[in-house]
Each structure stands twice: as structure tokens, then as C-alpha cells.
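Coordinates in review
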Amino acid sequence: MHSLTQELVFLILQFLDEEGYKESAHMLARESGYLFDLKFFEDLVLDGKWEEVERYLSSFTKVDDNRYSTKIYFEIRKQNFLEALDSHDHAKALNILMKDLKVFAPENEELFKEMTQLLILDDIREHESLSMYGDTKSARKTMMLELEKVIEANPLIRDKLKFPSIKIHRLRRLINQSLNWQHIHCTNPQPNPDINTLFVDHVCQLEDSYLLARPIESNSLPSQAPAVPVSASPESWNPSPSSVTYSAVSNGAFSLVSPINPDPTMDDPEDSEIISEKKLAGFMNGVISPVNSPGSTHSTLFNIPVDLPKTVAQTLNEGSSPVSMDFHPVQHTLLLVGTNIGDIGLWDVDSREKLLSRNFKVWHIGACSMLFKTALVKDPFVSVNRVTWSPDGSLFGVAYSKHILQLYSYHGGINVQQKLEIDAHIGGVNDLAFPKPDGQLLVITCGDDKTIKVWDVVSGVNMYTFEGHDTPIYSICPHTKERISFIFSTSVDGKIKAWLYDNLGARINYDAPGLGCTRMAYSANDQRLFSCGTTEDGQSFLVEWDESEGSIKRNYQGLRNDSLSVVQFDTTKDQYLAAGDDHMIKIWDMDKVELLTTIDADGGLPANPHIRFNKPGSLLACVANENRIKILATDCGRQLMHTSDGSSVDSRDLSDTLRKLAINPISTAAGAGVTDAGVPVIEDQTNLKNVKPEILGESNYQTKVEKPLITQPSQCQSLQLPSHMKANMISKLIYTNAGNAILALASNATHLFWKWPKNDLNLSGKATSKVPPQLWQPRNCSRLMVNDTTGSNPQEVVPCFALSKNDSYLISASGGIISVFNMLTFKTMMTIMPPSPAATCLAFFPGDNNIIAIGMDDSSILIYNVRFSEVKSKLEGHHKRVSGLAFSNALDIMVSSGADGQIFVWNVYGWEKQKCRFLQIPGGKMPVALTDTHVQFHQDQTHFLAFNESHLAIYEVKELECLKQWVAVGSSYISGATFSCDSQMVYATFLDGTVSIFDALNLELHCRILPTAYLPPTTSIEVYPHAIAANPQKPTQFAVGLTDGGVHVFEPQEPVDNWVVVTHTR
């Protein structure tokens, strides 16, 4: 028990030190007697604070405890005596002699007499033994050097000089674990627990959370006192029954990117890290076993989720054994393949057409090293180790088993050109990747020579070489987090290192589970890190990592323990993990360690098949026996395959950065000109009507698309969200990123929040049209979130809002000051930027959610740091108010649109203007004045949707070329539009009440929902959808907000679960 008490004191000491309570820490160390702070003691000695010196020392030893202690006390008191004499304070010196030094007289009579004689000297340096006595400062330093030796030899002190090795924030983590345990044992555990105190045990309140049973009488503003952030963060390091932790009691730990979590004791939003990225992790029902369980049977454990590819849609015959595959990041039906004999192939998986086939060939043998030439002569066999695409799909790289890296540029269809050949490593080039630190595209390789190398993709110059592994490097995983770019590398002995882009060596060293060959990968949202590897004896591990300390957070069960080769894995949809093992594909939910299901792909798979998802997760490529590749597809994947008829497109319609990719381009002669300086030049637009691309060949399929007209409620599933209060027109609408709630901003500046409960009728707790949600607000909160409209003109207000990625914080404005709300408490955290001018659109910067972009009524854009309450940059270029802002993670740019009909592209690193262009309107017309234009990025992050009241358009972002557009005909104008979450459809609403559904590939109209399908017959013709939002997780679900304050959720009628009815004939 004494040992635990001592450890608790050390934890408190650590906490006090971390929080800056230095004096309290020293006081506790002295009173407990557990830690002798030698540095603190030295400072007291050098400052001559002799009373404090003795008081501190007396907590650890007394003057007569042993000879070492006696020596320490004597030297301290002697120095005090000499300083009094040196300052000619003989009275003080006499007092010290008789009171403090006399205790040493019985054992040192002669010495005591000598010290007494010093009292009669005018200068103590006249004494022979003190002739070298310097000034006070140097004398104290000399004495302290002697004291350190005696202290370190003193058995009563020497074991108390070193603070024990404790991971940072350990006390906070223990509190987290206690809260986890309390939360698990709650009678009704809730997914977003509100931790307000540590004084009593935590108990979750029931989920009903105060349903609005009556209209709210007061719309006054919430209190301006900032709310305590309660966003949760994954802080648990060791396997435990729960991985849930609470940032309410966690400051986070140092890591490569130094994450910062909020401090709940601070009310100032600047200190509370209000825009935290941490999310509440899921609960684990059992203790994680450190050893994986044996492989399961071939039978499916549970029903395969509908959003996973499970049906074999195509089988490709490669000719030699595939060893690496990668889907194109934008054109999702193109599959790049490398084989064991050095061949590469490019497949259109829809038509089963092999667009490209290249055998291994050295392009410039004369430029290669003699080592490579010798190796090739001795053994001409060369295998592909890795193929991969660059982030925008304009390049791909091939890493070979001997020395060579080859880079190709891809221009669409069969247009592939040699770009760079690099003699990269001695031995095999085992992995490659295309990172973009600071916006610059690079290529990274690793190899048998135990090095990682970074290359310029344009010149092929070696920019960095990282050395430090003791064995060949198996894989690399570059990543950028909070604007810090780094590289994980794993060697064949299971050692993991992390590197920054400098020459200072590895920053972090981890051990992979089992110390075997391991590959690492992040989830699609870049928030979670996983690895999968296999040891020499065949034991395989699939784990999730806690980055901030480098420990294992989850160890997934179900892999075999006798694999013959390294198990390969992949992630998809920010929800699933897949691995090729035991002649099948095994699937896990990321939040659960138990095996979710298995897919056998109709059999014929090798023991450890290579697998690869496409970016949307709708297709899964799996290597099969006899040199085959099986393509598994979801229903959406089948539709994607059958509608991608234009995969073979004339390269003249494409730029070097792959303008076409997944979207059919219009004639390049059409549209407005653009300069790099961002000055728009209006050109001849007479060719704009030529929107069909030139097709070199016909597809194997002829597609017939039925365009259903939905006129009756029975033809689709729709649900009007309940409301017990009078609401004005819905101005803005959004789903939470978790997909379980809808947030609306009404024209009266009030926010309405509907949340779907998790119950027997809705087991997932996600948004659905089958079960009504609850109009929700926090318990003990009598007010809604209401924007301040002081000083605004209701006729000119442009409401706007944006929700943080973790759904914890909302920034919103309705013509007045911008408010920052806590979504868990509905309290106003802070207010910023009072008008005028007023904010007209808002967006969170994806790289740092403390930074927001604010489009203003005066045509400017402000880049604002919420944490420091300062404007970082002011962007100018628009001539009318800014109405749209969107960020591209892949390209590190921001696109803005305005009521002036212009679109601008800005670089997010320096916020420089890159390009601008006026909207391209058929017939050479200019956009209607003061017509707000809105923008939204495609899932591929390289294209975006732009729309105003008259037309929809798809743009390629780098060249700002309009690839496809749809123009409203007649008197009905567009009131809103959005991509579906998979970017396969565009949902648009009109002033006549119609909702139209377009194919995003070419903006072809596929379905119309008339007002009679969802509005009562007596509804006024002035009621129509004014806002629209797409479900972030279910592509076929969307919601609309009406001018009468109503909100409706739409889904297709079961069992079709698809808005587009597509049939195919040969």
C-alpha cells in the first residue's frame, strides 16, 4: 500500500509540473520526502536562501543521521557564517556560530576554535585557509559542486534524486480509464457522454434528452460563457475493455505532430482548443487478446453489409501472376496491375479490356549503375514489387525487384508515356508512394539497401536519403497531419521508424506486432492508422495504432497463425478493414476486433490473395488462382461499371493533369479564357454547345436508362421531420458527419437539430426515412442556438453555417456577428467578426479546424484563426459578395465563387490567387448580376460542382475547365444542389417544388420527384425546397428544407434502393 501511495504522489507531482504549479510541486516533494529535487536545491543554495535550504533538506535527512548528512549541514552553515563575516555583519556571524555551528563543536573542537578566531579579523582572507576565498557567487558554486557529490553518496537521499519513468499525462489517463469503466457500467450508456465533474461517479442520462414538447417562447441569445468542450479522443494505450476516453480530462500526449487537446478548466476558447478533431471512439465489449485467434471457416459469420463488394462482377486474365494492384484515384474502373515477371497492365474492369500491356524493359541501360547491370546479367528475372497511382492519377510508378523505379505519365485511355527511370536502390525497390509535403508532389522509395529515398518527380533528383534501419525496408507510409509531413517505414525485422523531411534521422522507433514484415495504411479520412504483417513463422497481426504514443489500440482477431506469405490488407469507407487470408477475404468493422464477415469470391483464391478497393469502396479487386483477378462489386459498383462507357477517350480532350478522368469533357475550345495571374478573358463561346466527347470505340454494352417520374407518395420513401414549433423558411441544411442527425438554420436565425435515436426500430441509430427522429436539445438547456441579428437587414441577410468534422462545433451567422456554438451543450463558445460587412459563407479549413474561411458581403474572403482571434489573410478578387467556399484536401487549394459569376482558385499555403474564370454560360452570355453561385468538391477532390439559379456545371479544378453543364429551361429556377456522398449523383431542387436527380458523370437527368409526391394537395404554390443536403454515408438519401419551415428526408422505394433504373443489353 505504501508503494501505491508513493506512486500516487509521483503522479500528482507530474501533474503539477505539467500544469505549471512549480511551487506546489516542490512543496509536495518536500512534505512527502519522496523526491529530492537537486536542481531546485541548487537554485536555493546559489540564491543564498539558507533558511529555505535547511527547511527543504530537513524533510529528507537530519543533521545527525549519518556522516554525509552532517557534512551537508556543516558546509551550508559554514558558508552562511563566512558570508556574514565577509559583509562585516559580525553580530549575525556570531549568532550563526553559537546557534548553528556549535552543534559540530564536540567532534571538531579545533575547527570550531579557528572559526571563532575569524570574528576578530577585518578580512576573512587574512586567514591562511581562506586566502583563496573569492566572491560570494563563486564560493556558493564551489560549495555546491562538493555538496552534489556528498548528496549523491548519501544513502538517505541518493535513491530519491531521480524521478521515475512515467508516460506523460499518466494521471489523466488513469482518470480516463476510470471514466471508461464507469461509462461501461452505466445503465443507459450514451454515445456522447457529457462529463461535467469528477467529484461523483459518471452516470449517463437517458437519450430522450429533452424532447421539444412545446414552442420555445424566448429566442434570446444563449449565454456568452464558453462551454466546456467534451469531445472525446482515443487516449487509451494498453488493451482494455474500452477504448473510449474523454478529452474533458485529457491533455493528449506528445507525438510526431504534437496534438493538442482542450483543457476543461479554461473558459477562454483560445485555450480550450474549441475546434478539436478528436472523436468519440466506439466501445469494445471484451478485453483484446494479444494473440490472434485461428482463422475461421469459409462460411460467412454474418450477413455481408450491403455497402461492401460481395458479388463477382468480372474476371480478368492477366497472363502472369499479379503481385500488386491499384485502382485509379478518380476514374474508378481503371485498374493498374504489376506481375511477378515484371509486366504491367492497365485494365478497364467494366469492359474487361486491357488498355495497356508493357513488359519489363530498361529504358536507358547506359545511365544505370554497374551493380545493376551485373545483377541483370547474372539473373535477368525481374518482378514488380509495387504499382501505385499519384493522388490525381496523372502519374503512376512501378517499383521492381532489381534497382529500378519507373514513372509513367497518364493522359487518359491508352495514352501512357514514359516519364522517369531511376536507379533507386541496390537490390530490390520494395515500395513506393507519392506524397505532397507543402503541396509539392514527390515520389518516395525504399529498398533492400536499408534506405528510404525521396525523389523529385520532375527531374528525378534525389532530395533526401534516410538511413537507420538494420535490415531491408519492406514498406513506407507517408502522411501529413496538422501540416506536418512525415514518413513511416517498416523493415523486415518488424522495426517501425518515422521520419520528417530533413536529414536529422528517425524521430520515432516502434516495434510492429510479432516483429514481422508489416505494411501500414491510414483510413480514407486520414484519422486512423492501421498495420498488417506476418512473422517468419506465419503468425499474422492486423492492428490499429494509437499514434500519439505508438502503442496498439486494437488487435483484430480472426487471422490464421500459419500463413505462408505476408497477409495483405486494405481499408475502405472509413469503416471497414479487409485482408486476404485462408483462401478468402476477411472483413472487420474498424471499431470492433471480432471478424465481421468473410467473402470467398466464388472460390479459387490463393492462400493469401492480394486485394485492393477502389476509392469509393464500390469495387474490390482480388487476385485469384491461374493468373486471374476477380472484380467484386456493390450494386453501386455495378452501376459505375456499366455507365463508364467513355473510358477510351481521345487524348486531345485531356490535359497533362488528366482533366477528363471520370467526367466527360466538353470541347476545349469552349468557355472563357484564363491566365495564371487570375485575370479573366472572355473568349468565343460559340462552341460551348458541343458537349459530347469524341469516342474512339463503342462499349460492349448499350445502356438504356429509364427516367422515372415520381408523382405519388407511394413511389418513394419520404419523411417529414417532426417539429413542435413555428419555424420560418429553412435557409441552410446539413447532415452531421456521423450521419445520425440533421441540422437546419431557419431564416429567423434559429437552429433546429433532429437526431435519430438508436433503438429496436433503428438499430444503427443513423438517419432513415423509416423512423422519425427527435427534435433534440441538451438536457437542462432551455434555449436553442440562435444567431445574433443585431444591425442586419432581414431583406439582405445571407444565412450561412459550417459544422466541424467531429460534429462538436458549429460556426454560424445570419447577417450579424458570427457565433461559435458547442453542439453538445448548445452554448455560445465565442462570437467573432461583427458586421459590417456581414459574413455570407463559411468553411472550415481541413488542415486545421481552428482556421475558418469567411466569405464576406463586401466581396473579400477572410482567413481567420479562431484560436488566436486574428485575421491571417484577406483575399480579394471578387467584385460582388462571396457565396461559395470549398477546400480540396488532395490539391491543397480553396475554390471560391461569388455573385459576380467568377470562380477563383487559391493556394492554401500562401493564400495566393492561382486562377480565376467567369462562369461559362451557353450563347456567350454573362451570368445574371447578383446571382449567387455555390461550389462543392467531387469525392475525387479534383473536380467540383458549381451551380446558380440557371445552371449546373462540373469543373476540372486545375485548369478551371467546364467539363459538363446542364441549363435550366423555362421559368423554373434552381434553388439548391449537392453531390451524393459518393459523388455519383447530383440532387437539385427547383422553385416549382420539383427535385431532380442527375447522373454526376455527364449531368444527365435520371429521375424527377414532383411536389405531389411529398407535399399535401392543399400546400401553397409558394412552398418549395430552398435548401438541400446529402446523407454523408448513404448515397441514395438526401433531405430538403422548405420555405414553410418543413424538412423532408427522401430515399428510393425498397427493395430497389436506387434512384436510377438502369438496364443493359449486349
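Attention here is on the structure that accompanies the text. The model shown is predicted, which means the values in this text are computed figures rather than measured ones.

Describing the pattern of salt bridges
Tallying each qualifying case throughout the model produces 28 salt bridges. With a shortest N-O distance of 3.0 Å, Arg125 and Asp123 are connected by a salt bridge. A salt bridge links Lys402 to Asp379, with the nearest nitrogen and oxygen atoms 3.6 Å apart. Here Asp379 lies in the loop between helix H10 (370–378) and strand S6 (384–389) and Lys402 lies in the loop between strand S7 (395–400) and strand S8 (404–410), a separation of 23 residues in the sequence. Several salt bridges converge on common partners, so that one network encompasses Arg528, Glu544, Arg554 and Asp591.

Here we look at the packing of helix H5 (residues 67–86) against helix H6 (residues 90–101)
Direction vectors running N to C along H5 and H6 enclose 160°, while the axes themselves pass 7 Å from each other. Compared by their axis directions, H5 and H6 come out roughly antiparallel. Remark: the crossing between H5 and H6 carries left-handed chirality. Mapping the contact onto sequence places Phe74, Arg77, Lys78, Asn80, Phe81, Ala84 and Leu85 in H5 and His90, Lys92, Ala93, Ile96, Leu97, Asp100 and Leu101 in H6. Residues belonging to the contact of H5 with H6 are distributed by class as follows: 8 nonpolar, 2 polar and 4 charged.

Observations regarding the packing of helix H3 (residues 38–46) against helix H4 (residues 50–58)
Direction vectors running N to C along H3 and H4 enclose 155°, while the axes themselves pass 8 Å from each other. Classified by the interaxial angle, the pair formed by H3 and H4 is roughly antiparallel. Crossing handedness for the pair H3 and H4: left-handed. For the pair formed by H3 and H4, the contact residues are Phe40, Phe41, Leu44 and Val45 on the first element and Trp50, Glu52, Val53, Tyr56 and Leu57 on the second.

Observations regarding H6
Residues three or four positions apart in an α-helix share a direction because the helix packs 3.6 residues into each turn. Here H6 has its buried residues at Ala93, Ile96, Leu97 and Leu101. For H6, the buried positions fall inside an angular range of 100° around the axis, keeping them on one side. Residues Ala91 and Lys99 are exposed on H6 and point more than 90 degrees away from its buried face. Lining the buried residues of H6 we find H5 and helix H7 (109–117).

Comments concerning the sheet that holds strand S56 (residues 1025–1030)
With antiparallel pairing, 4 strands are arranged side by side in an open sheet as S31-S58-S57-S56. Looking at strand neighbours, the two that pair on one side only are strand S31 (716–720) and S56, the edges of this open sheet. Each strand axis lies, on average, 25° off the axis of its neighbour in the sheet, ignoring direction. Strand direction decides the pairing type here: S31 and strand S58 (residues 1047–1052), joined by 5 bridges, are antiparallel. Within S58, the position partnered with Ser718 by the bridge is Phe1050.

Some details on the sheet that holds strand S50 (residues 951–956)
Strands sit in the order S48-S49-S50-S51 across an open sheet of 4 strands; the sheet is antiparallel. Taken across any chain shown, the strands that pair with only one partner, and hence form the sheet edges, are strand S48 (934–937) and strand S51 (961–967). The average undirected angle you get between the axes of adjacent strands in this sheet is 20°. Pairing between S48 and strand S49 (residues 943–947): 4 bridges, direction antiparallel. Among the inter-strand pairings, Phe937 is bridged to a residue of S49, identified as Phe944.

Cut-off values and rules
Residues numbered from 1 in each chain as written. Predicted model: local features only at pLDDT ≥ 70, side-chain atom pairs only at ≥ 80, totals over all residues. Heavy atoms only, no water. Salt bridge = Lys/Arg side-chain N within 4 Å of Asp/Glu carboxyl O. Helix = DSSP H or I, 4+ residues; strand = E, 2+ residues; numbered from the N terminus. Axes fitted to C-alpha atoms, helices over the stretch in contact; angles between N-to-C directions. Parallel < 35°, antiparallel > 145°, perpendicular 65-115°, else oblique. Left-handed = near helix turned anticlockwise from the far one by under 90°. Contact = heavy atoms within 4.5 Å. Nonpolar A, V, L, I, M, F, W, Y, C, P; charged D, E, K, R; others polar. Buried < 20%, exposed > 50% of the residue type's maximum accessible area, 1.4 Å probe, protein only. Arc of directions from axis to C-beta. Pairing = 2+ DSSP bridges.

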